[in-house]
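Results of the structural survey
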Amino acid sequence: MAKRSTLFIRIVEAKNLPVKDITGSSDPYCIVRIDNEAIIRTATIWKTLSPFWGEEYNVHLPPSFHTVSFHLLDEDSLSRDDVIGKVSISKEVLTAKPQGIDGWVNLTEIDPDEEVQGEIHLQISVQGDGDVPRALRCHVFEARDLAKKDRNGASDPFVRVRYNGKTQESAVVKKSCYPRWNESFEFELDELPSDAPLTVEVWDWDLVSKNDFLGKVLFNINRLQSEQQEEGWFRLGPEKPKHSQYEGTLGSLRLQLRLRDETVLPSGHYRPLVELLCQSVGTCLNGNWPDLMMLIDETTTAESRQEVATNLVKLFLGQGLVKEFLDVLFKLELDKTSEPNTLFRSNSLASKSMESFLKVAGMQYLHRLLAPTINRIFEEKKYVELDPNKVELKEAGCAGLHRTQTEADVIQQSASHLQSYLTELLHAITRSAAYCPAALCQAFRQLYQRVQERFPGKEYRKVKFIAVTSFLCLRFISPAIMSPKLFHLREKHADARTSRTLLLLAKAIQTIGNLDTLACCSKEPWMVPLQPVILQGITHLKDFITRLVSFEDQEDLGLQTRMSLQCGTMEKEGFLLLHRTKDKCMLMTSPFKKYYVTLSKDTLSYARTQHSKKSSFISLPKIRAVEKVEEKSFGSANVMQIISSEDSGQMETLYLDCKSVNELNQWLSALRKACSHNTETMNSYHPGVYKGDKWSCCHQKDKTDAGCDKTRHGVTLQEWYDPLDPDLESQLIYRHLLGVRTVMRDKYLEMTKAEEGNGKDSVAGQEKLDGIARFFKVLQDLQDAHSAVEEAERSQNKNFLLELQT
C-alpha cells in the first residue's frame, strides 16, 4: 500500500504583464516551485506582454507538500532577471477542488516577509513545582532549508523568542541556511493564565541594512500547559500578508491544475478488475461485443477522456493487450460512423486512446524521425514566408550594391527552403518503416484492416490510408513540428521566425496527410509553390503506409529487435559536468570535467566520450540518496549529488552539474524513479560539501554527521520514458469507474431489458450480463477495501495496515 500525490500542471498563458524592458515589452518566463523548491522553468517568450506557453507537466509529490507557486520573471541577458509577480496556491485549495482549477489568476507582488521557507526543530515545555507551572522553556535545536537572503547564497540566521512582552535572542550563525544553535530560553509564568502566545522568529542578521525576516512559529501556551511538552520540526510561516499596492496591475496567469491523492492498494486487490478489463477486449476475438468497453466508451465525458485514455493505454500495454484494446475501440467507432470523411476526426475515446498510445509507445520513434530536420531549422534560422500579405522585404547584396528584394524574390527563396525541409522530412518518413516499433505497426495494420472491412467499396479506397495518416500525420508528426518543445524535441520554444517556418512545414505535412491531390492548395493558394513536392509526398506516403501495415506477425520479433519499445525502460543519457569524491574529501579548485552519462536499467555509467569503451559506473541498488546541492557550494544552482555505498561500506559522492533547472530536475527524477525500490536509502543528507574541516551547510566538523536536511525521494517529474506502474494505473481507472458507476448502472439496466426482450441467443446474452454484474461487484469490493484503509488510518490501527501491506 502506498500514498501517491500527483499534480497536473498546465501553464497556459499570461496577459497584461507590466513593461520591464526599454523596448516597451518583456521577455517573460515562469518558475514553478513546490514548497519554495524550483522544479520547472518554462521557456522564455520573447518581446511580449501576453505570452503563450501551453506547457504541461505531471509532478509526483509526497503527500506532505504544502504549496505550489508560480513566479513570473523577465529574462535579462546583461543584469539579474526582473521579478514580475507570483501566484501561490495551497494544497488545501487544490484538495477542495477535486475537479481541478482552470482559469485566470491575478499575479501578486512578491513580499520578502511572505517569501519564507524551511523548518525549525524546537522543544517547548512547562516547568513547575508539582502541579503549579512556574516557567516556560523553549529549547531551540536547529533549522533547515532557510531562505537565502545574502549575496553569498546563504543567510546569517538567529532566533528571537517572544513571550508576554519579553524578548530573548540566540547567537548568530554566519553563512548557513542549516544553522544549529542548541540554546534554551526561559520565561516566568504568571499565576493567572495569559492569552499571549509564544512566538519563535528566525531572522537574517545584517551588519549595515535592517535584518531580514525568515519566518516564525506561534504556540498556544494554555494548550501547552495541559500537555506539558511539545517537540518536533515546525514549518516556518510568513508574517500577515500586507495589502499590495500593485494588486491587479501586474497582469494575470492562466493555469490548469488538478491534484490527485491516491491510496494505491497491493496488487492483489486490483487483479479482479484487471482480469475483467482484459476479458472485455479478449471476447471481441470470439465475435461477442465487449460490453464493458462499450459502457466505458459511452460514459466517459469530454473532460476526463484524455486521462482515461492514457490510463487504459498504459494498463493494456503492461498486460500485452494494447493491440486488442485499440482494436475494440476501432470497431466501436466504426460501428457508429456512416460518413468516412468524419472518421476519427472527433475527440472520441478511440481517437484519444490512439493519440495517447502514439505518445507513450512512439516517442523514441518520433525523435529519431524528426530531430535532424527540426534541429536544422533551428540552427539555420532562415526567413521563410509564402503568404504575400505577410512578406517582409529587406535589403540584399554586397556593400555598394544594395537592392531591395522583391516580393517574388522572397517567396521564391522561401519556397526553395521549404521544399528542402519538406523533401528531407519525407525521405525520413519513408525510411522509418525499417525502425518503426512493432507495437505501432501492429496498431496501424489493425486500423487499416478494420477500416477496409467497414468501407470496402472502390470509392472509399483512400479511406483506409487517411485513417492511418489522421493519427500519424495530423495528431502526431504535425503537432510535434509546430511545438517541438512540447514533444521534448527542443529545450526552448522557437523564436517568431523559426516558429513560422515550422508552422508552414506542419501545414504541408497536414496537406500530405489528407491525401487530397486536387484541393491541396485550394484553401491557401499561396502554398502552390510547394505543390510538386506535396503531390510527390502523397504518393510516397501511401507507399510508406502500405509497407508499414504489411509486416506480418512473424516479422514482428525482428522489427522489435531493431527498435525496442521505449515505454517501460528507464534510459536517459547526455553530456554533464562531473566530479567524484570518496567520502566527500576536500574539493579541488575546478573539480568538474565533461562526461557522457548514461542511465540504464541497472547502472549509471559515465565516460569521456559517447562511444568510449572505458567507462565507470555506479550500481543503482547501491545508491542511498539523490539530492540537490546548495548554490554556494560550487557557485551553480544546478548541481546534484549521488551518494552511494561501496562494498567496503565507505560512502562515495558523485556531483553532476547540469545546464539548467529543467535538466537538473529531469536527471533527479529519472534517478529517483530508477532507485525507487532501494531499501537502504538515507533519511537525511548534507546539501553542502565537506571543505576544509567542516560542512559548508551546517558547519559541523564531523564528516560522518548524518545530515542537516531531510531527503526528498518523493518529488519526481512524469516523463514519457517512465516505466509502467500497473498498480497506479489500475487505481486511476478504478477511481474513474467509481465516479461514473451510477451512469454505467443505468446503461446496464437498459441492456438487461433489451436482453430480456430478445429471446434469441439468450445464453450468450446472459453471459454478457453476468460479466457486467461481476464488474459492479469488483468495484464494490475495491471501494470496501479503501474504506477499510481509511477507517484503519483514522483509528491508527497499525496492525491492520501492516497486514494489508504484506
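Residues numbered from 1 in each chain as written. Predicted model: local features only at pLDDT ≥ 70, side-chain atom pairs only at ≥ 80, totals over all residues. Heavy atoms only, no water.

By the naming in an unreviewed UniProt entry, the chain goes by Ras GTPase-activating protein 4-like and is assigned to Anguilla anguilla.

A count of helical and extended segments in the chain gives 20 helices and 30 strands. Counting across all 806 residues of the chain, residues that qualify as buried make up 52%. Summing over all exposed atoms, the chain offers an accessible surface of approximately 38800 Å²; the carbon and sulfur share of this is 49%. (Helix = DSSP H or I, 4+ residues; strand = E, 2+ residues; numbered from the N terminus. Buried < 20%, exposed > 50% of the residue type's maximum accessible area, 1.4 Å probe, protein only. Areas by Shrake-Rupley, 256 points an atom, 1.4 Å probe, with all protein chains shown as cover.)

Moving on, we come to the pairing of strand E13 (residues 198-204). Here E13 lies mainly inside the structure; seven of its seven residues are buried. Strand direction decides the pairing type here: strand E10 (residues 157-163) and E13, joined by six bridges, are antiparallel. Looking across to E13, one finds that proline 157 is bridged to aspartate 204. Summarising the sheet, E13 and strand E14 (residues 212-219) pair through seven bridges and their orientation is antiparallel. (Pairing = 2+ DSSP bridges.)

Next up on the list: the state of the cysteines. Per the counting criterion, the structure on display carries zero disulfides. Free of any disulfide, cysteine 436 has its nearest cysteine sulfur in cysteine 441, 4.0 Å distant. Under the relative-accessibility criterion, cysteine 436 is labelled buried at 0%. Among the residues examined, cysteine 441 registers a relative accessible area of 0% and is labelled buried. (Disulfide = S-S within 2.5 Å.)

Attention now moves to the sheet that holds strand E2 (residues 28-34). Pairing within the open sheet is antiparallel, and its four strands lie in the order E3-E2-E5-E6. A strand with exactly one partner marks an edge of an open sheet, and here the two such strands are strand E3 (37-41) and strand E6 (82-90). Between one strand and the next, the sheet's axes are offset by a mean angle of 25°, whatever the strand orientation. Strand direction decides the pairing type here: strand E5 (residues 67-74) and E6, joined by eight bridges, are antiparallel. When the bridges of E6 are listed, leucine 73 appears paired with valine 83. (Axes fitted to C-alpha atoms, helices over the stretch in contact; angles between N-to-C directions.)

Let us now look at unusual backbone geometry. Even without a glycine there, the phi angle at lysine 47 is positive, about 55°. Locating lysine 47 in the fold gives a position in the loop between E3 and strand E4 (52-61). What makes lysine 47 exposed here is its relative accessible area of 63%. Positioned with a positive phi, histidine 699 is a non-glycine residue whose angle comes to about 70°. For histidine 699, the location among the structural elements is in the loop between strand E28 (694-695) and strand E29 (709-710).

With that settled, the discussion passes to the packing of aromatic side chains. Inspection of the entire model under this criterion finds 15 aromatic pairs. Where phenylalanine 455 meets tyrosine 460, the ring centres are 5.4 Å apart and the plane angle is 70°; that geometry is what we call edge-to-face. When its relative accessible area of 5% is taken as the criterion, phenylalanine 455 is described as buried. Here the aromatic residues Phe330, Phe344 and Phe471 are joined through ring pairs into a cluster of three or more. (Phe/Tyr/Trp six-rings, centres within 6.5 Å; stacked < 30°, edge-to-face > 60°.)

Let us now look at helix H17 (residues 726-739). Between the first and last C-alpha of H17 there are 20 Å, a value that for 14 residues agrees with the 20 Å anticipated at 1.5 Å per step. The complete set of buried residues in H17 reads Leu728, Glu729, Ser730, Gln731, Leu732, Ile733, Tyr734, His736 and Leu737. (Expected span 1.5 Å × (residues − 1).)

We now examine the sheet that holds E14. Sheets are built from strands that pair by backbone hydrogen bonding, the pairs being arranged parallel or antiparallel. With respect to topology, four strands assemble into an open sheet ordered E11-E10-E13-E14, the strand pairing being antiparallel. In this open sheet, the two edge strands, each paired with only one partner strand, are strand E11 (166-169) and E14. Along the sheet, successive strands turn relative to each other by an average axial angle of 20°, direction set aside.

This brings us to the nonpolar core. One finds Phe316, Phe357, Leu370, Phe444 and Ile481 to be the most contacted residues of the largest nonpolar core, which totals 143 residues. Contact partners of leucine 370, with chain neighbours within four places excluded, come to Leu425, Ile477, Ala480, Ile481 and Leu489. Counting 35 residues, the second-largest nonpolar core is a separate cluster that includes Leu136, Val159, Val173 and Cys177. (Core = buried A, V, L, I, M, F, W, Y, C linked by side-chain atoms within 4.5 Å. Contact = heavy atoms within 4.5 Å.)

It is worth spelling out the side chain of lysine 628 at this point. Within the secondary structure, lysine 628 sits in strand E23 (residues 623-628). Side chain to side chain, lysine 628 and glutamate 37 meet in a polar contact 3.2 Å long. A distance of 2.8 Å separates a polar side-chain atom of lysine 628 from the backbone oxygen of alanine 38. Here lysine 628 is in contact with Glu37, Ala38, Val639, Met640, Gln641, Leu664, Asn665, Leu668, Tyr685 and Pro687, once residues within four sequence places are set aside. (Polar contact = N/O pair within 3.5 Å; in protein donor to acceptor, adjacent residues only side chain to side chain.)

Counted according to the given criterion, the structure contains 37 salt bridges. Two residues, aspartate 102 and arginine 254, come together in a salt bridge whose shortest N-O distance is 3.9 Å. Placement of aspartate 102 in strand E7 (residues 101-106) and of arginine 254 in strand E16 (residues 252-264) is noted, with a sequence separation of 152 residues between them. Residue classification places arginine 254 among the partly exposed residues on the basis of a relative accessible area of 25%. (Salt bridge = Lys/Arg side-chain N within 4 Å of Asp/Glu carboxyl O.)

Before going further, it helps to spend a moment on the packing of helix H5 (residues 305-319) against helix H7 (residues 349-361). Relative to each other, H5 and H7 sit at 55°, their axes nearing to 8 Å. The pairing of H5 with H7 is recorded here as oblique in orientation. Relative to H7, H5 is oriented so that their crossing is right-handed. Of the residues in H7, those touching H5 at Arg305, Gln306, Val308, Ala309, Thr310, Val313, Lys314 and Leu317 are Leu349, Lys352, Ser353, Glu355, Ser356, Phe357 and Val360. Of the residues assigned to the contact of H5 with H7, the class counts are seven nonpolar, four polar and four charged. (Parallel < 35°, antiparallel > 145°, perpendicular 65-115°, else oblique. Left-handed = near helix turned anticlockwise from the far one by under 90°. Nonpolar A, V, L, I, M, F, W, Y, C, P; charged D, E, K, R; others polar.)

So, on to the environment of arginine 33. For arginine 33, the position within the fold is in strand E2. Arginine 33 sits in the partly exposed class, given a relative accessible area of 26%. Along the backbone, arginine 33 and valine 68 are 35 residues apart, and their C-alpha atoms lie at a distance of 5.7 Å. Once residues within four sequence positions are removed from consideration, arginine 33 is found in contact with Ala38, Thr67, Val68, Ser69 and His71. A distance of 3.2 Å separates a polar side-chain atom of arginine 33 from the backbone oxygen of asparagine 36.

Before going further, it helps to spend a moment on the packing of helix H9 (residues 407-431) against helix H12 (residues 496-514). Where H9 contacts H12, the axes come no closer than 10 Å and their chain directions differ by 50°. As judged from the angle between their axes, H9 and H12 are oblique. The element H9 and its partner H12 pack so that their crossing is right-handed. Here H9 contributes Leu418, Tyr421, Leu422, Leu425, Leu426 and Ile429 to the contact with H12, which in turn contributes Thr501, Leu504, Leu505, Ala508, Ile509 and Ile512. For the contact of H9 with H12, a count of residues per class yields eleven nonpolar, one polar and no charged.

Time to look at the confidence of the model for the chain. Low-pLDDT stretches of the model should not have their predicted coordinates read in fine detail. Averaged over every residue, the pLDDT of the chain is 85; residues scoring 70 or more account for 87%. The secondary-structure element of the chain with the lowest mean pLDDT is helix H14 (residues 553-562), recorded at 42, while E10 shows the highest, at 95. Every residue in residues 285-289 scores below 50 in pLDDT, and together they form five contacts with partners more than four places removed in sequence or on other chains. Between residues 554-568, whose pLDDT stays under 50, and residues either more than four places distant or in other chains, the model counts 37 contacts. (pLDDT = per-residue confidence, 0-100.)

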